[in-house]
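Residues per chain, in single letters:
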Amino acid sequence: MQYRDAHRFDAAVFAAITLVTTGAILGNEALFVATAVPVTYLAVGALTRPPPVSSLSVQRTFDPDLPAPGERTIVSLTLRNDGGRTMPDVRVVDRVPDTVPVSDGSPRGSLALRPGEEATITYEIVPSQGEYTFDEPIVRLRPLSAVGTVTGEPSVDGVTTLRCRRGVKDVPQEQGTLRRVGTQPTDSPGPG
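Fair warning: this is a prediction, and the values are worked out from it, not measured in the lab. (Residues numbered from 1 in each chain as written. Predicted model: local features only at pLDDT ≥ 70, side-chain atom pairs only at ≥ 80, totals over all residues. Heavy atoms only, no water.)

Draft legend 1. Just the side chain of D89, in detail. Locating D89 in the fold gives a position in strand 4 (residues 87-93). Excluding residues within four positions of it along the chain, D89 makes contact with S110, L111, R140, L141 and R142. (Helix = DSSP H or I, 4+ residues; strand = E, 2+ residues; numbered from the N terminus. Contact = heavy atoms within 4.5 Å.)

Draft legend 2. Region of interest: helix 1 (residues 10-26). Helix length check: helix 1 (17 residues) gives 24 Å between terminal C-alpha atoms against 24 Å at 1.5 Å per residue, within 8%. Among all positions of helix 1, only A12, A16 and G23 are buried. Axial view of helix 1: buried residues confined to an arc of 45°, hence all on one face. Away from its buried face, by an angle of more than 90 degrees, helix 1 presents the exposed residues D10, A11, F14, I17, I25 and L26. Those residues of helix 1 hidden inside the fold are in contact with helix 2 (29-34) and helix 3 (36-47). Of the residues one or two after helix 1, G27 is the one with positive phi, at around 70°. (Expected span 1.5 Å × (residues − 1). Buried < 20%, exposed > 50% of the residue type's maximum accessible area, 1.4 Å probe, protein only. Arc of directions from axis to C-beta.)

Draft legend 3. Representation of the nonpolar core within the structure. Grouped together as the largest cluster of nonpolar side chains are 16 residues, with contacts concentrated most on L56, L79, V90, V139 and L141. Those elements that place two or more of their residues in this core are strand 2 (56-63), strand 3 (73-81), strand 4, strand 6 (108-113), strand 7 (118-125) and strand 9 (138-142). When residues of this core are assigned to their parent elements, the largest contribution, 3 residues, is made by strand 4. (Core = buried A, V, L, I, M, F, W, Y, C linked by side-chain atoms within 4.5 Å.)

Structure, rendered in structure tokens:
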């Protein structure tokens, strides 16, 4: 988990120091009272921090579970707020393997989650034959005051590897013989 401060409060610190200094030099009480505005702004920023990424649970599902090569597959990524605080700004990017093209939708989402609430982003991929491992999604949380962000990679419940195979029974078989005149080899002899 990585916390980054937004540095939006540098102007408020400068304003508070300037107002207090100017008010002390000039003896003006109105400047001291005006200091309450940037100080309140700083207090709100200090008290509101983004919730930890560990309070999110993430689950990924594939539909169908075992697609054939070239078959459209729906990926669903469900995020649930298991914490006790509202998450007003949750941004998520599901990390799709580089060799799998996204055909519809987007593996990115922006949402808000109340405690106990969940939301799902869905998108379609078209995998080729093989196995594809999806990494943990990247999640960025921001509080309502936007004082900073927390970025992390929560662990995913459910399937993280997509297997795309075609079985022997899935290969289409052509019935009958070719429409040709003349001798044709066959496994079982018959009349004609």
